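# Chain and residue survey
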Amino acid sequence: MKPPAMFMNRVSPMDDGPREGGGETASSQPNHQVLTVEQDNTGNRARSEMDVLQSVLDMPSNAPKKRRSSMSAAIGAAFTRENLFHASEKEYVKKIYRSDKALKEEQQRQQNIDRFVIHPFSNFRWYWDLLMVLLMAITLVILPINIAFFSEQFSLQWSLMNCFTDSFFMADIVLNFFTGVVHHQNEEVILDRKKIAIKYLCGWFLVDLPSSFPMDYFYLIFNGDSTFNETALKLRALRLAKVLSILRLLRLTRLLRYVHRLEEVLNIEGAVIRIVNLVLVVLVMIHWNGCVQFLVPFFQGFPKDSWVAISGLENASKWEQYSWSFFKAICHMLSIGFGQHPPHNLTEMWCATLSMMLGATFYALFIGHMSTLLLSIDASGRIYNEKINQVKEYMRYRKIPAETQARVLNYYEHRYQRKYFDEAAILRQQSTPLRREIVQHHLRSLVKKAEFLSKCSPSFVIDLIEKLHFEVYLAGDVIIKAGSRGNAMYFIEHGTVKICVDDRVVGTLQDGDHFGEISLLIDERRVASVLADSTCDLYRLGKADFEDVLEENPEMRGIMSEVAKDRLRKIGASVPIEEEEEEEEKELSAVG
């Protein structure tokens, strides 16, 4: 009862305070209602303190659990159905659909389908295709060796490995019935399971099925006793299974199909991937042909007139047998001989004939694809050569003097550097920011060399270089003639020019200098001639563009006027630029 009495000495929140004239009586009679409330509050307070203490004690141990749960949630989110089987959000998929909105609509379209289907551009299909390419490449290299050189030897491990890989290929056939198909006419992805199945059954299914059937199960069935190699029936069954295993070589078509799909996904240059495919196919064909060269005598029982028996390779090591077979195949396919020995029986003769025909066919395809590749890689060089040939024919037709012909050809070679393309048309096709970025990158050397441009404001420089036009002048060409009307100014990127007054050289200008702005500022005739002392790369700024640039940057007119006055003093002329500007201002004010 002490604890309640101790709490009773406190002022209860339900009391209104000490009552007047009744202190003794109030303290002597305990208020049971207040006691009960106080006891309840005490219990609640104790429980709340214990809860707080427990939460403090549990906090360090719970923190890692929260991190683990968030990590597991992230991993779980990465392997959700949407992330695995729906259209991926990788960059190459966004390029296909052109916008994020179109990609979201495609994902939503797949979500609205009740039945399970795999999008051809999903993450799962991407990694699965890579796995299939790897397995098929390994199979197409190792399988012919196993068929040709290990035909009389049974290896349980090899058969189990074959069954393992064949299981993946059978699974791939099943997945093809659930994978969407791209309709190449309208580039729409077909996600209807029925249409997918019909399209696959009418297409590659008849090739995929026999190439994926696990033939090694025959080996496992006939490997029940120790007298396997002594039973003729089982040996025939083994050889039959080996022959049927050749159907797996049809996987080459599937490999090329997957490589073509990866080519579309990765947006690789078509000519490059074709030549790589052709080289790999030629190597695979030589490898297969070498295995066939040994397999044919094996099925004949290695007769005495076969090349294997003549060479004494029946009991040689597998590596030696394969090396001579590969050498014989490559000699046939390149049509440079028959290898170590010519054919001595009818079967080997036909085998060599077919091998040579196959080699000649692939050689022609290789030359054709290589020519196409070279033309596609150096398209601008090919156009340049065509243009040069056309110019040469024109000059011969017009009977142009040999000296002039040489100057024309030097002009083309220096201007285009054996790469001909319409730069103006290419720049017009770009957006304004891209065009500005390209021009700034291309003319950055001119801006660094030109001391005048380096002192100007960035806005003026940007406006000016976007209006420049590239021109080339050969040594001795007259760029500006004294007495002519000024219609442009020039910036020198490379080369040297001479300034002449009355057939007298008064100065030279080199890389980074500019000239021709005087007549544009004062609207007078040229006071000096400018000749190219060497082959010069110039950038021309027309008068109309010059006025547009100064209108956008009026503060630059005074700076250019000062530069023009200094240049006039150097060449010994005097033109009152400032006075003419004042007169123009007076005329304008009078008109106003």
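Refer to the structure presented above.
Scope of this entry: the structure provided in the associated data block. In this numbering scheme, every chain counts its residues from 1 along its sequence in written order. Where totals are concerned, whole chains, interfaces and linings use all residues; where local detail is concerned, this predicted model gives features only for residues with pLDDT of at least 70, and gives and counts side-chain atom pairs only at 80 or more. Processing note: side-chain calculations cover all non-hydrogen atoms of the structure and skip hydrogens and water entirely.

## As for the pattern of salt bridges
We count a salt bridge whenever a side-chain nitrogen from Lys or Arg sits within 4 Å of a carboxyl oxygen from Asp or Glu. Taken as a whole and assessed by the stated rule, the structure comprises 10 salt bridges. Taken together, the salt bridges that share partners define one network made up of Arg-125, Asp-129 and Asp-172.

## Quick word on unusual backbone geometry
Even without glycine at this site, Phe-302 takes up a positive phi of about 55°. Along the chain, the position of Phe-302 falls in the loop between α14 (270-299) and α15 (307-311). According to the relative accessible area criterion, Phe-302 is partly exposed, its value standing at 23%. Look at Asp-503: it is not a glycine, yet its phi comes out positive at around 60°. Working definition: helices are DSSP H or I runs of at least four residues, strands are E runs of at least two. Numbering for both runs from the N terminus. Assignment of secondary structure puts Asp-503 in the loop between β6 (497-501) and β7 (504-509). A simple rule labels every residue: compare its accessible area, found with a 1.4 Å probe on the protein chains alone, to the largest value its type can have, and call it buried under 20%, exposed over 50%, or partly exposed in between.

## Brief notes about a nonpolar patch on the surface
Exposure above 30% relative accessible area and the absence of a salt bridge qualify a residue for a patch, where like charges join within 9 Å and nonpolar side chains (Val, Leu, Ile, Met, Phe, Trp, Tyr) within 5 Å. The Shrake-Rupley method, run with a 1.4 Å probe, gives the accessible areas here. Residue values count only the displayed protein chains as cover. A contiguous nonpolar patch, built from Leu-134, Ile-138, Val-141 and Ile-142 and spanning about 310 Å² of accessible area, is present on the exposed surface. Assessed through its relative accessible area of 32%, Ile-142 is described here as partly exposed.

## A short note on the sheet that holds strand β9 (residues 529-532)
A sheet is described by the order of its strands in space; here four strands give the open sequence β4-β9-β6-β7, paired in antiparallel fashion. For this open sheet the edge positions go to β4 (478-480) and β7, each flanked by a neighbour on one side alone. Between one strand axis and the next, the sheet turns by 35° as a mean value, whatever way the strands run. What makes two strands pair is DSSP finding at least two bridges between them. Bridge count for β6 against β7 is five bridges, and the pairing is antiparallel. Note on β7: the bridge partner recorded for Lys-498 is Thr-508. Between N-to-C directions, angles span 0 to 180 degrees; the directions come from axes that are lines fitted to C-alpha atoms, helices contributing only their stretch in contact.

## Topic: the pairing of β6
With four of five residues buried, β6 lies mostly within the body of the structure. Two elements, β6 and β9, share four bridges in a ladder whose sense is antiparallel. Bridge assignment links Val-497 to a residue of β9, and that residue is Ala-532.

## Some thoughts on empty space enclosed by the protein
For each structure, a 1 Å grid was placed over the protein atoms alone; sets of points admitting a 1.4 Å probe that cannot get out are labelled cavities, open sets with protein on both sides within 12 Å along at least five of seven lines are labelled pockets, and lining residues have an atom within 4 Å of a point. Grid points are joined across faces, edges and corners, and a volume is the space filled by probe spheres set on the points. Taken as a whole, this structure holds four cavities of 30 Å³ or more when the rule is applied. Volume-wise, the second largest cavity comes out at about 50 Å³. Lining the second largest cavity are Gln-293, Val-296, Pro-297, Trp-307, Lys-328, His-332, Pro-342, Pro-343, Glu-348, Cys-351 and Ala-352. For the lining of the second largest cavity, the elements supplying multiple residues, two or more each, are α14, α16 (318-333) and α17 (346-377). Polar here means any residue outside two lists: the nonpolar Ala, Val, Leu, Ile, Met, Phe, Trp, Tyr, Cys and Pro, and the charged Asp, Glu, Lys and Arg; Gly therefore counts as polar. A class-by-class count of the residues in the lining of the second largest cavity yields seven nonpolar, two polar and two charged.

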